[in-house]
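Architecture at a glance
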Amino acid sequence: MTEKVRSKIDIHLPESTSADDDWAQFRQVERVAMALTQSYKYSLGKVSRFFMELENGRFLATRCDGCAKVFAPPRPLCPSCLAVADWVELSGQGVVKTYSVLHFSPGSNDDVRALQTPYVLAYVLLDGADTLFPHLLKAPPDQVHSGLRVRVAYSDEPVHHPIHLMYFVPVVERQRQ
Ligand SMILES: [Zn+2]
């Protein structure tokens, strides 16, 4: 039998009710499955400038004055020296150290849901940085390998999260004429 309410899970019946139970006719409980979506605001905090500069096509990292380590993604504080880092601009070029090909999308937000599978998540060591930057690499999976030169590309399309203002693409070597 097809239920008219598609989200119905079950109807819970009480085991027994006594004659003097004033609530007897309220103890039959229908349960339905409902999806809950929620939008909320959260702060990008101390690394906000990184995201704001992506709108201007600039790729920022942070550098520790004490040990000269460069963090990309940026960290406001050096974990070794506990010193507050400074902002530095990088060229946005780098090299793939390792990568994954995703055949299933986590669908964590509308930017991710819009991606066609399979797509590539690469760990990129940016020129001048000491840490790996994990992010989307727009390239055919069979053309991606460790050691591939890549660069940051900036999206002109509206996005939901500012991290999607950027992605990596392979560096195309200029053909000799
Ligand atoms: Zn340091």
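Preceding this section is the structure that the text describes.
Presented here is an overview of the structure given in this document. (Residues numbered from 1 in each chain as written. Predicted model: local features only at pLDDT ≥ 70, side-chain atom pairs only at ≥ 80, totals over all residues.)

The next subject is the overall build of the chain. Broken down by element type, the chain carries two helices and ten strands. When the elements of the chain are put in sequence order from the N terminus, they spell out β-β-α-β-β-β-β-α-β-β-β-β. A compact globule built from 177 residues should have a C-alpha radius of gyration of about 16 Å, whereas the chain, at 26 Å, is more than 25% larger. With the C-alpha coordinates aligned to their principal axes, the bounding extent of the chain is approximately 90 × 45 × 25 Å. In the chain, which comprises 177 residues, the share counted as buried stands at 18%. Here the contacts in the chain between residues at least 6 apart in sequence split such that 49% fall between residues at least 24 apart. (Helix = DSSP H or I, 4+ residues; strand = E, 2+ residues; numbered from the N terminus. Rg over C-alpha atoms; globule rule 2.2 N^0.38 Å. Buried ≥ 20, exposed ≤ 12 C-beta atoms within 10 Å, placed from the backbone. Contact = placed C-beta atoms within 7 Å.)

Ala72, Ala122, Val124, Val150 and Phe168 are the most contacted members of the largest nonpolar core, which has 26 residues in total. When residues of this core are traced back to their parent elements, those giving at least two are helix H1 (48-54), strand S3 (59-63), strand S4 (70-71), strand S6 (93-102), strand S7 (119-126), strand S8 (132-137), strand S9 (149-154) and strand S10 (166-170). (Core = buried A, V, L, I, M, F, W, Y, C linked by C-beta atoms within 7 Å.)

As paired elements, S6 and S9 share three bridges and run antiparallel to each other. From the neighbouring strand, Gln93 faces S9, where its bridge partner is Arg151. For S9 and S10, the ladder comprises five bridges, and the chain directions are antiparallel. Note that in S10 the partner of Ala153 across the bridge is Tyr167. (Pairing = 2+ DSSP bridges.)

Turning next to the sheet that holds S4. An order of S4-S3-S5 is seen for the three strands of this open sheet, with the pairing classed as antiparallel. Each end of this open sheet is capped by a strand with a single partner; those strands are S4 and strand S5 (86-90). Pairing of S3 with S4 involves two bridges; the strand directions are antiparallel. Its bridge partner being in S4, Thr62 is matched across the sheet by Phe71.

This part is about the pairing of S8. Here six bridges tie S7 to S8, and the two strands are oriented antiparallel to one another. Looking at S8, one finds that Leu121 is bridged to Leu136.

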